[in-house]
Number of protein chains: 2
Amino acid sequence: MKIKSEIEIIQKKHKDSPTLVVVLVGENPASLSYVRGKERACLKAGINCLIYKYDKNVSEKELQKVLQKLNKDSSVNGIIVQLPLPENINEDTIIQSIVPHKDVDGLTTENLGLLAAGTPRFVPATPLGVQKMLSEINFQTDGSNIVIIGRSKLVGTPLALLLSSKSEMGNATVTVCHSRTKELSKYTLQADVIIVATGRPNTLTIDMIANNPIIIDVGVNRVEDESKKNGYRLVGDTDFENIIENVSKITPVPGGVGPMTITMLLQNVLKAYTNSTKIQI
Amino acid sequence: MKIKSEIEIIQKKHKDSPTLVVVLVGENPASLSYVRGKERACLKAGINCLIYKYDKNVSEKELQKVLQKLNKDSSVNGIIVQLPLPENINEDTIIQSIVPHKDVDGLTTENLGLLAAGTPRFVPATPLGVQKMLSEINFQTDGSNIVIIGRSKLVGTPLALLLSSKSEMGNATVTVCHSRTKELSKYTLQADVIIVATGRPNTLTIDMIANNPIIIDVGVNRVEDESKKNGYRLVGDTDFENIIENVSKITPVPGGVGPMTITMLLQNVLKAYTNSTKIQI
């Protein structure tokens with residue numbers, strides 16, 4: 001892994017390692033599992049990962065104080081707040097309390113604005129992961145027809161900005177479809193790449209594709225399954241089992257975009273570290 | 001005009017008027033003419049318009065000092081810097097020196113980020129003007145197929161964010177085409193609305209449209225014309241004279257988007273005023 005070897009250089013040359021702080025509120029089981037995954041990946045790559053756990057009744061003010069302290073702490077390079085937060089806390093207020101140059105999730109207004117301006121600093125990890133997957137299979141986004149289904153602030157919107165930007169892995173002609181799109185298949189039937197990020201199983205079915213497109217499935221949905229111990233299984237946003245017959249490539253759920261997203265988070269932490277220390281690797 | 005009557009209420013009730021400062025550097029004739037247009041529109045609507053003119057050799061530092069002073073001056077509600085600036089000045093540095101809540105051109109990273117997040121404060125006047133035109137002809141953007149040609153930070157990109165956002169005059173399925181798009185007509189032939197913002201005459205020709213779309217032409221190009229006194233005439237980005245046969249509506253150049261853009265600037269200044277004074281109209 002390139003990130004790991006770059007961090008080894010930092011450790012050898014500078015006797016130092018990047019540090020990520022993950023702020024976690026409450027006991028949401030999915031959140032706990034995501035945070036554990038991030039922690040494991042950080043440690044494997046040589047990134048210090050500090051988990052700050054707070055009771056679900058922590059106040060917005062207290063959290064803001066914690067973030068203000070982390071913002072000022074020069075030993076902390078990246079800060080993420082695991083979402084969702086409990087209902088009594090305004091998520092946007094908390095996210096915007098992170099200083100933009102430590103916002104490795106790319107969720108602050110400043111980092112979103114820099115992306116929209118074509119001069120990105122930190123791009124959210126999921127869109128970055130999708131772009132990385134296309135690059136790893138040597139797909140030329142330049143001039144291609146890419147349809148994104150979903151316009152969320154976390155995935156669809158930044159992904160559209162990223163893939164249509166004037167850049168090496170950009171320059172695609174991007175259409176953003178969503179719940180108000182009429183005749184969705186009119187768009188998907190013509191696409192070279194379809195990226196599905198709706199959070200709804202079977203958003204994309206076999207009748208909606210043609211000419212063996214590449215499908216990237218960002219969804220992670222729990223579907224009841226009595227044959228499983230925990231009573232459910234994870235599925236994506238596509239009808240994977242049927243659709244797989246007519247695609248050139250498709251990402252599985254689980255195992256597709258998820259792990260790549262974590263890698264992109266590590267990359268952002270490394271970038272935050274090198275930006276702040278001005279270390280050249 | 002709704003803006004004018006709202007300002008009359010402010011003037012009557014509060015003995016006050018909104019104030020816009022336009023910073024103008026050098027003697028670019030097109031810029032002078034644009035600024036004069038804005039000044040005239042402001043005065044007509046009851047907005048104070050102060051033009052700060054600087055020699056083309058003014059330094060970046062001096063301009064930043066001017067902006068810092070304007071940022072702090074509570075009698076100033078909106079600030080715009082007329083672009084382009086002379087080459088020795090970094091445009092982005094200057095634009096980012098404007099405090100976001102007076103940035104009525106919507107060009108700072110914070111305002112662009114708020115638009116991308118779906119919670120806009122100031123949207124650039126040209127995209128707002130395009131949206132307003134669609135609303136004035138009672139076109140339902142919701143569910144429509146809109147193709148934007150051009151991905152600039154000033155027009156194409158914010159327009160795509162605006163028209164695809166979850167909002168009353170949004171909810172369109174938007175495709176952003178640009179110089180790297182292959183088979184542009186594949187997209188334009190299917191569009192309900194085509195918005196052209198490339199700065200290149202004849203970007204859109206009659207063979208590229210079908211089913212009488214609505215065309216909004218954002219381009220303003222000077223084309224040599226010996227029959228004119230000044231040796232040129234203004235044209236848009238479409239082949240207007242031929243295309244007009246097969247459209248349901250089309251905006252002329254000059255006279256289409258331009259005047260609407262100025263109206264939207266006034267609306268942003270009024271919004272800056274009411275935001276800062278908390279006056280309810």
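Residues numbered from 1 in each chain as written. Chains lettered and ligands numbered in written order. Predicted model: local features only at pLDDT ≥ 70, side-chain atom pairs only at ≥ 80, totals over all residues.

## Description of the overall build of chain A
From N to C terminus, chain A includes 10 helices and 10 strands. For a compact globule of 281 residues, the expected C-alpha radius of gyration is about 19 Å, and chain A comes in at 19 Å, within 12% of that figure. Projected onto the principal axes, the alpha-carbon positions of chain A cover approximately 55 × 45 × 30 Å. Intrachain contacts of chain A at a sequence separation of at least 6 include 65% that bridge at least 24 residues. (Helix = DSSP H or I, 4+ residues; strand = E, 2+ residues; numbered from the N terminus. Rg over C-alpha atoms; globule rule 2.2 N^0.38 Å. Contact = placed C-beta atoms within 7 Å.)

## Points about the confidence of the model for chain A
For chain A, per-residue confidence averages 95 on the pLDDT scale, and 99% of positions sit at 70 or higher. Here the predicted complex carries an ipTM of 0.92, next to a pTM of 0.94. (pLDDT = per-residue confidence, 0-100.)

## Thoughts on the domain arrangement of chain A
Residue and element names in this part refer to chain A. If you check the domain split of chain A, you get domain 1 (2-115 + 260-277) and domain 2 (125-253). The centre of domain 1, based on its C-alpha atoms, is set 26 Å off from the matching centre of domain 2. Counting from both sides, the interface comprises 9 residues of domain 1 and, opposite them, 9 residues of domain 2. Breaking the side of domain 1 that touches domain 2 down by element, the ones donating at least two residues are helix H5 (109-116) and helix H10 (257-277). Partitioned by chemical class, the residues of the side of domain 1 that touches domain 2 number 5 nonpolar, 3 polar and 1 charged. (Domains from an automatic or database assignment. Nonpolar A, V, L, I, M, F, W, Y, C, P; charged D, E, K, R; others polar.)

## Here's the deal with the sheet that holds strand E3 (residues 78-81) of chain B
Residues and elements named next belong to chain B. Reading across from one edge, E2-E1-E3 is the order of the 3 strands in this open sheet, with parallel pairing throughout. Each having just a single partner strand, strand E2 (48-54) and E3 make up the two edges of the open sheet. Taken pair by pair, the neighbouring strands of this sheet meet at an average axis angle of 20°, ignoring direction. In terms of strand pairing, strand E1 (residues 19-25) meets E3 through 4 bridges, oriented parallel. Counterpart to Val 23 in the pairing with E3 is Val 81. Its contacts with the sheet place helix H2 (residues 29-45) against E1 and E2, and it is angled at close to 160° to E2. (Pairing = 2+ DSSP bridges. Axes fitted to C-alpha atoms, helices over the stretch in contact; angles between N-to-C directions.)

## Digging into the nonpolar core
Membership of the largest hydrophobic core comes to 146 residues, with the highest contact counts inside it found for A:Ile148, A:Ile194, A:Ile195, B:Ile148, B:Ile194 and B:Ile195. Contact partners of A:Ile148, with chain neighbours within four places excluded, come to A:Gly156, A:Leu159, A:Ala160, A:Val174, A:Val176, A:Cys177, A:Ile195 and A:Ala197. (Core = buried A, V, L, I, M, F, W, Y, C linked by C-beta atoms within 7 Å. Buried ≥ 20, exposed ≤ 12 C-beta atoms within 10 Å, placed from the backbone.)

## Quick notes on the pairing of strand E6 (residues 193-196) of chain A
Residue and element names in this part refer to chain A. Both faces of E6 are covered, namely the face carrying Val 193 and Ile 195 and the face carrying Ile 194 and Val 196. As defined by bridge partners, strand E4 (residues 145-149) adjoins E6 across 4 bridges and the pair is classed as parallel. Residue Ile 148 lies in a different strand from E6, and its bridge partner there is Ile 195. As defined by bridge partners, E6 adjoins strand E7 (residues 214-217) across 4 bridges and the pair is classed as parallel. Considered in E7, the bridge of Ile 194 is made with Ile 215.

## Quick look at the packing of helix H6 (residues 125-136) of chain B against helix H10 (residues 257-277) of chain B
Residue and element names in this part refer to chain B. Taken N-terminus to C-terminus, the directions of H6 and H10 make an angle of 110°; their axes are 8 Å apart at the nearest point. In terms of their interaxial angle, H6 and H10 are classed as roughly perpendicular. Between H6 and H10, the contacting residues are Ala 125, Thr 126, Leu 128, Gly 129, Val 130, Lys 132 and Met 133 on the first element and Val 257, Met 260, Thr 261, Thr 263, Met 264, Leu 265 and Asn 268 on the second. (Parallel < 35°, antiparallel > 145°, perpendicular 65-115°, else oblique.)

## Quick word on the relation of the copies chain B and chain A
The transform that puts chain B on chain A rotates by 180° and translates by 0.0 Å along the axis, for an RMSD of 0.0 Å. One copy is carried onto the other by what is essentially a two-fold rotation axis. Closest approach to the rotation axis among the C-alpha atoms of chain B is made by B:Gly113, whose C-alpha sits 1.7 Å away. By residue overlap, the copies meet face to face through one surface: 100% of the interface positions of chain B are interface positions in chain A. (Least-squares fit on C-alpha atoms with pLDDT ≥ 70 in both.)

## Looking at the interface of chain B and chain A
Every contact between the two is made by 24 residues of chain B and, on the other side, 25 residues of chain A. Of all the secondary structure elements, the ones that give two or more residues to the side of chain B that touches chain A are helix H5 (109-116), helix H7 (156-164) and strand E5 (173-177) of chain B. Top contributing element to the side of chain B that touches chain A by residue count: H5(B), with 6 residues. The residue makeup of the side of chain B that touches chain A, split by class, is 8 nonpolar, 10 polar and 6 charged. Here 3 bridges tie strand E5 (residues 173-177) of chain A to E5(B), and the two strands are oriented antiparallel to one another. Residue A:Val174 lies in a different strand from E5(B), and its bridge partner there is B:Val176.

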